[in-house]
Amino acid sequence: MEEPNRLVEEATTNDMDGQNNEEERDPESNSLRQPLLKRNRTLSSSPFALVGAKVSHIESLDYEINENDLFKHDWRRRSRVQVLQYVFLKWTLAFLVGLLTGVTATLINLAIENIAGYKLRAVVNYIDDRRYLTGFAYFAGANFVLTLIAALLCVCFAPTAAGPGIPEIKAYLNGVDTPNMFGATTLIVKIIGSIAAVSASLDLGKEGPLVHIGACYASLLGQGGPDNYRLKWRWLRYFNNDRDRRDLITSGSSSGVCAAFRSPVGGVLFALEEVATWWRSALLWRTFFSTAVVVVILRAFIEYCKSGNCGLFGRGGLIMFDVSGVSVTYHAVDIIPIAIIGIIGGILGSLYNYVLHKILRLYNLINEKGKLHKLLLALSVSLFTSICMYGLPFLAKCKPCDPSLQGSCPGTGGTGNFKQFNCPNGYYNDLATLLLTTNDDAVRNIFSVNTPGEFHVTSLIIYFALYCILGLVTFGIAVPSGLFLPIILMGSAYGRLLAIAMGPYTKIDPGLYAVLGAASLMAGSMRMTVSLCVIFLELTNNLLLLPITMLVLLISKSVGDCFNLSIYEIILELKGLPFLDANPEPWMRNITAGELADVKPPVVTLRGIEKVGRIVEVLKNTTHNGFPVVDEGVVPPVGLPVGATELHGLVLRTHLLLVLKKKLFLHERRRTEEWEVREKFSWIELAERWGKIEDVAVTKDEMEMYVDLHPLTNTTPYTVVESMSVAKATVLFRQVGLRHMLIVPKYQAAGVSPVVGILTRQDLRAHNILSVFPHLVKSKSGKKH
């Protein structure tokens, strides 16, 4: 345990939202206004940030409407036509997000099916000719080159493109600014890297990257393009704020899920259940509109490609498991095996999360050593994957083909999914059928109905164990990767195994057991229920599966919650992203907002009419992003006509920098006229984020001049009384999407400051509170581990 002074110093640095310090400091000489940790402005160049770094340097987003005089004036001036333009542009951007995501998803699927398909066709031909070593060399070499392409792009050009991207989207929609996550370079690397990584037969999917791609399109459309090539179209200026960008990214993430599974309703519910913190009915409609556009695009391309115009794409490339014509029957006795599937899925999902957490911590240590180590790690995983996928089918026994499958068993290089591998004519290798194929074909094979004897028990055990190992070692390397498909394949394998074990006691088809197994493992790992249920229903196109799917998902999530967090929450913790959970810790009710304010440095306030020198001094000596504006000697409208202290509002750091840059200075202490302010500023400029105080030049004479901060001050900031519990303040902070929350005193009296302190995201994080109030550790209960 560290000494109390050090604990207080750690806590007081946590409220500093953003950091510019680039030099190491001696901890012994550290003041309360200086950080103990060296922090950077951008995310770590490795796929995962420093493990265990509980204090995040990343800033929050300004979702709150800044109701200053300029905003109110602009709002009053907006005509009905301008409002209609704004609404029309929202729907237009939602359409474009769906259109671009759908087209990109189709092109990604088409590229993967052709690249992987031609690669596997050549391997099968070598095996048919008994040229096993040549086949392995070709298979491993092609996978090696494809992995190298994906890893080089991520390591050298866009480190933030590595991984699924969903945790960062979840953090952004929670109010955390995740730099460089939605840029044009990240988008391009994500597209090309996903194609290369999935085509390399790595145990990862394109579903997570598709969500990230949809969010990138939404962000770029909302801001008018990349930073260096933005469109200056006047209408787009309406979206130059964090609130509208948040809504667009929500639509983009929904479109990505829809593009991955052809599930429009499931995509909307995924955004609602998993990634979005803020939601309203208007956003629901626009998000659903985006996913509807995606479905139309996908359906059009599927119909076009059925005629053979897309190479090997054909009917593949999109997970399709249509059992609408299959009679699904189950009875009360089937509740037992269904419950067992749910329990196993919850246990295995939480175990998967636990082991993956440990492996990611190890990978972080390797990735921190440099770019070469990242590349070597990715290439080592690729080589290991190639050895396992090519070598393990030799352990499987050949199975005779079903006579009813005329011409398609065993499959040739161009048709059929049954791989002959090293088997004689009329026989197939069931393990090679699952391994030496594209991911989507593997899903269709293992989900297939009316095939109770298609896969041998030994092959399913090997397949399940292999994908457990590959899923753990593959996720975290420096390539775009998704978690959905590996978990689906693992869950479907143990679902098939359970179907064989329960065969004498149930009449449910083994293919449906595979579907339930995949759903249970996803719920056990990701802890999603409603969106997963709808995705699987839209995937299977059979409402008869609804009751048993719901039951499996509920059981799996409940069991998984008993052990640890969801996989995305674990990744958020590893990255050090200051995500605020919906449910504050119970012990947070034992501490008040005023007590948190007491352990922080005194709040830095500015007067309504302030000296330029004072503003420059505050900006140089602090890293806060918001400052209360206080007026003294104000005559109250009621009560005794004596001077009172008024909390006028909150002014942002970026607006202070804008004032200094525009030099709206006064020679005497007075209020500015409305026309003077509008002549210098526009609401468009207030939405921009300006640079640093070091970039602003102020002369010695200007230091003695004055600035009227009233027109730029948000006069309606959110405030809480100092006696409010931290738990209640956390709920308000998260639901409204705040960056700053002012604490006001419980008692108003002469000489009492109208503001006690400011709460920021870092102040409300459980770890930071416990570091200052260690006695709360004894009283905390129900804390998740």
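Numbers given to residues run from 1 along each chain, matching the order in which its sequence is written. In keeping with the model being predicted, local features are shown solely for residues with a pLDDT of at least 70 and side-chain atom pairs are shown and tallied solely at 80 or more, while totals for entire chains, interfaces and linings include all residues. Where side-chain values are given, they derive from all heavy atoms of the structure, hydrogens and water being excluded.

## A closer look at the overall build of the protein
Spelled out, the test is: Numbered from the N terminus, helices here are DSSP runs of H or I no shorter than four residues, and strands are runs of E no shorter than two. Burial status follows relative accessibility: with a 1.4 Å probe on protein chains alone, a residue under 20% of its type maximum counts as buried, one over 50% as exposed, and anything between as partly exposed. Whether two residues touch is decided by their heavy atoms; if any such pair falls within 4.5 Å, the residues are in contact.
Per the secondary structure count, the protein includes 29 helices and 10 strands. Here the protein, with 785 residues, has 59% of them falling under the buried criterion. Here the analysis covers contacts within the protein between residues at least 6 apart in sequence; of these, 78% occur between residues at least 24 apart.

## Some remarks on a nonpolar patch on the surface
Worth spelling out the cut-off: Here the term patch refers to residues with relative accessible area over 30% and no salt bridge, with like charges joined within 9 Å and nonpolar side chains (Val, Leu, Ile, Met, Phe, Trp, Tyr) within 5 Å. Accessible surface is estimated by sampling points in the Shrake-Rupley manner with a 1.4 Å probe; for residues, cover comes only from the protein chains shown. In the sections that follow, a salt bridge refers to a side-chain nitrogen of Lys or Arg positioned within 4 Å of a carboxyl oxygen of Asp or Glu.
On the surface, Val83, Val87, Trp91, Val265, Trp285 and Phe288 cluster together into a nonpolar patch covering about 540 Å² of accessible area. Mapped by element, the contributors of at least two residues to the nonpolar patch are helix 3 (80–128) and helix 10 (281–305). Broken down by element, the nonpolar patch gets its largest block of residues, 3 residues, from helix 3.

## Notes on the UniProt feature "transmembrane region" (unreviewed entry) in the protein
Test applied: UniProt positions are given in the numbering used here, feature names are shortened, and annotations may be inferred rather than shown by experiment.
As annotated in UniProt, the feature "transmembrane region" (unreviewed entry) corresponds to residues 88–112, 133–161, 283–302, 335–355, 375–396, 460–490 and 543–560 in the numbering used here. Along residues 133–161, the helical share is 83% and the strand share 0%, with 35 Å between the first and last C-alpha atoms. Secondary structure across residues 335–355 comprises 100% helix and 0% strand; the distance between its end C-alpha atoms is 30 Å.

## So, the sheet that holds strand 10 (residues 757–759)
Applicable threshold: We treat two strands as partners when DSSP finds at least two bridges between them. Axes here mean lines fitted to C-alpha atoms, for a helix over just the part in contact, with angles spanning 0 to 180 degrees between N-to-C directions.
Taken together, 3 strands build an open sheet; the order of strands is 8-9-10 and the sheet is mixed. Each of the sheet's edge strands pairs with one partner strand only, and the pair in question is strand 8 (719–721) and strand 10. Across the sheet, the mean angle from the axis of one strand to that of its neighbour is 35 degrees, orientation sign disregarded. As judged from the 3 bridges shared by strand 9 (residues 741–744) and strand 10, these two strands associate in the antiparallel manner.

## Side note on the nonpolar core
Put simply, the rule is: Working definition of a nonpolar core: buried Ala, Val, Leu, Ile, Met, Phe, Trp, Tyr and Cys residues. They are joined through side-chain atoms within 4.5 Å.
Core analysis: the biggest nonpolar cluster contains 138 residues, and Tyr463, Leu483, Phe484 and Met526 have the highest contact counts within it. Setting aside chain neighbours within four positions, we find phenylalanine 484 in contact with Ile166, Glu207, Gly208, Phe261, Phe270, Met522, Met526, Met528 and Tyr568.

## Things to note about the pairing of strand 9
Just so we agree on the cut-off: If you view a crossover with the strands going away from you and the path from the first strand over the helix to the second runs clockwise, you call it right-handed.
Neither face of strand 9 is exposed, since Met741 and Ile743 on one face and Leu742 and Val744 on the opposite face are all buried. Pairing of strand 8 with strand 9, which is carried by 3 bridges, proceeds in the parallel orientation. The partner of threonine 719 across the bridge, within strand 9, is leucine 742. This β-α-β element, strand 8 to helix 27 (residues 726–736) to strand 9, shows right-handed connectivity.

## Topic: the packing of aromatic side chains
For the record, the criterion: By convention, a stacked pair of Phe, Tyr or Trp rings (six-membered ring in the case of Trp) has centres within 6.5 Å and planes under 30 degrees apart, an edge-to-face pair has planes over 60 apart, and any other such pair is tilted. Two conditions define a charge located above a ring, namely a distance within 6 Å from the ring centre to NZ of Lys or CZ of Arg, and an angle within 35 degrees of the ring normal.
Tallied over the full model, the rule gives 14 aromatic pairs. Judged by centre distance (5.5 Å) and plane angle (65 degrees), the ring pair of phenylalanine 261 and phenylalanine 484 falls under edge-to-face. Residue phenylalanine 261 is located in helix 8 (residues 242–261), and its partner phenylalanine 484 is located in helix 16 (residues 484–501); the two are separated by 223 residues in the primary sequence. A residue is classified by how much of its surface remains accessible, and phenylalanine 261, at 3% relative accessible area, is buried. Over the ring of tryptophan 278 we find arginine 243; its NZ or CZ atom is 5.9 Å from the centre of that ring.

## What to know about helix 7 (residues 207–223)
What counts, and what does not: How far a helix is expected to stretch is found by multiplying one less than its residue total by 1.5 Å.
Compared with an ideal rise of 1.5 Å per residue, which puts 17 residues at 24 Å, helix 7 spans 25 Å between its outermost C-alpha atoms and is within 8% of the ideal. The element helix 7 is largely enclosed, with a buried count of 16 among its 17 residues.

## Points about the pattern of salt bridges
A complete count under the given rule lists 18 salt bridges for this structure. We note a salt bridge from aspartate 244 to lysine 90, for which the minimum N-O separation is 3.7 Å. Pair noted here: aspartate 244 is in helix 8 and lysine 90 is in helix 3, with a separation of 154 residues, a long-range link. We classify aspartate 244 as buried; its relative accessible area is 8%. Here arginine 299 makes a salt bridge to glutamate 303, at a shortest N to O gap of 3.9 Å. Of this pair, arginine 299 and glutamate 303 both sit in helix 10, separated by 4 residues, roughly a single helical turn. Arginine 299 gets classed as partly exposed once you look at its relative accessible area, which sits at 39%. The exposure class assigned to glutamate 303 is partly exposed, which follows from its relative accessible area of 44%. Residues joined by salt bridges that share partners form a network here, namely Arg246, Asp247, Arg280 and Arg286.

## Things to note about the confidence of the model for the protein
What counts here: Values of pLDDT, the confidence the predictor places in each residue, fall between 0 and 100.
Averaged over the protein, the pLDDT score is 82; the fraction of residues at 70 or greater is 85%. Every residue in residues 1–56 is under pLDDT 50, and counting partners more than four places away or in other chains gives 133 contacts. Low pLDDT, under 50, characterises residues 781–785; the stretch is placed with 10 contacts to residues that sit more than four places away or in other chains.

## Quick notes on the environment of glutamate 673
In this structure, glutamate 673 sits in the loop between helix 23 (653–662) and helix 24 (674–680). Residue class for glutamate 673 comes out partly exposed when judged on its relative accessible area of 46%. In this structure the C-alpha to C-alpha distance between glutamate 673 and proline 711, which are 38 residues apart in sequence, comes to 9.2 Å.

## Here we look at the packing of helix 3 against helix 7
Using the following cut-off: Should an angle fall under 35 degrees it is taken as roughly parallel, and over 145 as roughly antiparallel, whereas 65 to 115 is taken as roughly perpendicular and any remaining angle as oblique. Put simply, a crossing is left-handed when the front helix is turned counterclockwise from the back one by less than a right angle, and right-handed when it is turned clockwise. Three classes are used: nonpolar for Ala, Val, Leu, Ile, Met, Phe, Trp, Tyr, Cys and Pro, charged for Asp, Glu, Lys and Arg, and polar for all others, with Gly counted as polar.
As a packed pair, helix 3 and helix 7 sit with axes 9 Å apart at the nearest point and diverge in direction by 140 degrees. Taken together, the axes of helix 3 and helix 7 lie oblique to each other. Every pair of crossing elements has a handedness; the one defined by helix 3 and helix 7 is right-handed. When helix 3 is examined against helix 7, the residues Leu93, Leu96, Val97, Leu100, Thr101, Thr104, Ala105 and Ile108 are found in contact with a partner set consisting of Leu210, Ile213, Gly214, Tyr217, Ala218, Leu221 and Gly222. Split by residue class, the contact of helix 3 with helix 7 holds 11 nonpolar, 4 polar and no charged.

## With respect to the packing of helix 22 (residues 612–621) against helix 23
Here helix 22 crosses helix 23 at 135 degrees, and the two axes come no closer than 11 Å. Looking at the two axes, helix 22 sits oblique to helix 23. Classified by chirality, the crossing of helix 23 by helix 22 is left-handed. Note on element contacts: helix 23 touches helix 22 through Arg653, Leu656, Leu657 and Leu660, opposite Val612, Ile615, Val616 and Leu619. Its residues assigned to classes, the contact of helix 22 with helix 23 shows 7 nonpolar, no polar and 1 charged.

## With respect to the environment of glutamate 674
Mapped onto the elements of the fold, glutamate 674 is located in helix 24. In this structure glutamate 674 comes out as partly exposed when scored by relative accessible area, which is 46%. Sequence separation between glutamate 674 and leucine 70 is 604 residues, and the spatial gap between their C-alpha atoms is 8.7 Å.

## A closer look at helix 8
For helix 8, built from 20 residues, the straight-helix expectation of 28 Å at 1.5 Å per residue is met to within 8% by its first-to-last C-alpha distance of 29 Å. Along helix 8, 18 of the 20 residues are buried, which leaves the element largely enclosed by surrounding structure.

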